[in-house]
Amino acid sequence: MRAWWDAFAAVAAGVAAMFVTAALGLWAAGATGLPGGGFPSVVAATVVAAVGGSVELSGGAGFLGSTAAGLDVVPLSVTLAGAVVTAVVFLRPLRHRAVASGRELLGRVARTAALWLVALLLICLAARHTFRIDLGGTQVGDLGDLGDLGDALGVTPEVGFRAAVGPTLGLGLMWLLVLLAVAVAVSRKTPLPSRLLRFQEPVRPAAFAMLAVLLAYAALGLVAGVVVLLVRGHPAETAAVLLLGLPNLVWLAFGVGLGGTWDGRAPDIGLPVPKALAAVLRERDGRGAVNLSSLTQQDGRAWLLVVVAALALLAAGFLVAARSSPRTRRWQHAVQLAVALAVTLLVVAALTGITARFGLSLLGIGDLGAFGGEVSLRPRWLPLLGFGLLWGLIAGFLGDVLARRVRRRGDVAEVAEVVGERPAGQ
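Residues numbered from 1 in each chain as written. Predicted model: local features only at pLDDT ≥ 70, side-chain atom pairs only at ≥ 80, totals over all residues. Heavy atoms only, no water.

Q: Quick question: what am I supposed to make of the pairing of strand β5 (residues 262–265) here?
A: Note on strand geometry: in a regular strand, side chains alternate between the two faces of the sheet. Here β5 shows a buried face lined by W262 and G264 and an unburied face lined by D263 and R265. Here β5 runs beside strand β6 (residues 287–290); their pairing, made up of 4 bridges, is antiparallel. By the bridge assignment for β6, R265 is matched with R287. (Buried < 20%, exposed > 50% of the residue type's maximum accessible area, 1.4 Å probe, protein only. Helix = DSSP H or I, 4+ residues; strand = E, 2+ residues; numbered from the N terminus. Pairing = 2+ DSSP bridges.)

Q: How do you make sense of the UniProt feature "transmembrane region" (unreviewed entry) in the protein chain when you look at a structure like this?
A: As annotated in UniProt, the feature "transmembrane region" (unreviewed entry) corresponds to residues 68–91, 112–131, 164–186, 207–231, 302–322, 334–360 and 380–399 in the numbering used here. Counting secondary structure, residues 164–186 comes out at 96% helix and 0% strand; the distance between its end C-alpha atoms is 32 Å. Between the C-alpha atoms that bound residues 207–231 the distance is 37 Å, and the span itself is 100% helix and 0% strand. (UniProt positions renumbered as here; feature names shortened; annotations may be inferred.)

Q: Mind showing me how you'd approach the confidence of the model for the protein chain here?
A: A low pLDDT score tells you not to read the predicted coordinates there in detail. With 78% of its residues at a pLDDT of 70 or more, the protein chain has an overall mean of 81. Scored below 50 in pLDDT, residues 138–154 makes 26 contacts in the model with residues more than four places away or belonging to other chains. Considering only residues more than four positions removed or in separate chains, one finds that residues 408–426, a stretch of pLDDT under 50, has 35 contacts. (pLDDT = per-residue confidence, 0-100. Contact = heavy atoms within 4.5 Å.)

Q: Sorry if this is basic, but what is going on with the packing of helix α1 (residues 2–28) against helix α4 (residues 102–126) here?
A: The angle between the axes and the distance between the axes are what describe a pair of packed helices. Their axes nearest at 9 Å, the elements α1 and α4 cross at an angle of 40°. In terms of orientation, α1 lies oblique with respect to α4. Note that α1 runs across α4; the crossing there is right-handed. Within the contact between the two elements, α1 uses A3, W4, D6, A7, F8, V11, V15, M18 and F19 and α4 uses R108, R111, T112, L115, W116, A119 and I123. A breakdown of the residues in the contact of α1 with α4 according to their chemical character gives 12 nonpolar, 1 polar and 3 charged. (Axes fitted to C-alpha atoms, helices over the stretch in contact; angles between N-to-C directions. Parallel < 35°, antiparallel > 145°, perpendicular 65-115°, else oblique. Left-handed = near helix turned anticlockwise from the far one by under 90°. Nonpolar A, V, L, I, M, F, W, Y, C, P; charged D, E, K, R; others polar.)

Given below as structure tokens:
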């Protein structure tokens, strides 16, 4: 029974963290004034999107009109809040344990997953709403005022959303399982089953180093965001970005600093993003390639992204070497960090991608400018993967040089004694 309470605590804490973060972010964005009491449903839909779930958009505009909408974006601030809280609460009962059997660990994961699916089902049922679009005051060419034309033709545009239960449960379960696997992999205070101990040396130091880099970027972004909030005005807009999409921006900056490129598109709709990024996205008829070169043309300080990324990876290389056995060779540290960084960048690329579209068609006329638009951000996968491998090899090599000059750890048995774990065979 105690194990079920532990699982319930992990799920409840994670869901609560996501709902609070999403609600505060949407409140700062002004979503509390949504018609028809839609705010709670939008919060639930934001949580669904945060765990990789699917939110379907649909609409109609009466007899002669139709709306088309699509949305694929992950609010990573909400994701990060839920992931950190869930992982911490899940791992807490396992701290300072000498051993843990594979059956026990799988049992904890299974109980947590079962309760998580129940919670996610309830969230999906709450994540649905329909809004009516007001056309009044919109002029479109010779058609005149759309509001008057819509009334005459019986056009009442509506757009709604609902969580797709099946895909959301499947993707949400995958999200949880990956989260728990990563949490166990990076936590030195969590014992591994004996069959997995051979993966401890090659996996844990590199996984921990990459997690530390991502969290450090989020912390730096939070500090910068708070400074902007205090000294440059627009506090509500800045707070909304911090509470909903901070990792989307800072992890994008991490990838760009390493040489990655994202192809983007955005109409002139006042995106709540840094001015340099917004300018790049609108460079060529609303399209642009987001990389170090294009950002530097807009703001020369963008070269600092390379400096920050290089320092972060050098620190990561040092962590990998310092947390590994001295028997691990320098080239092994380099390869471990290269693989870990490449995987991390692929995950970052997948999570920071954006596709959002909304349009209104009336009398066969395509997307009307006032209501039509598309925002997209898509990574170039292969160059990003190549840069990750190259940077990882260099940082892993240099990090090992620094770590061996500053400090040498004992062998695996001594490390296990320090952290309270038993090495294999004892």
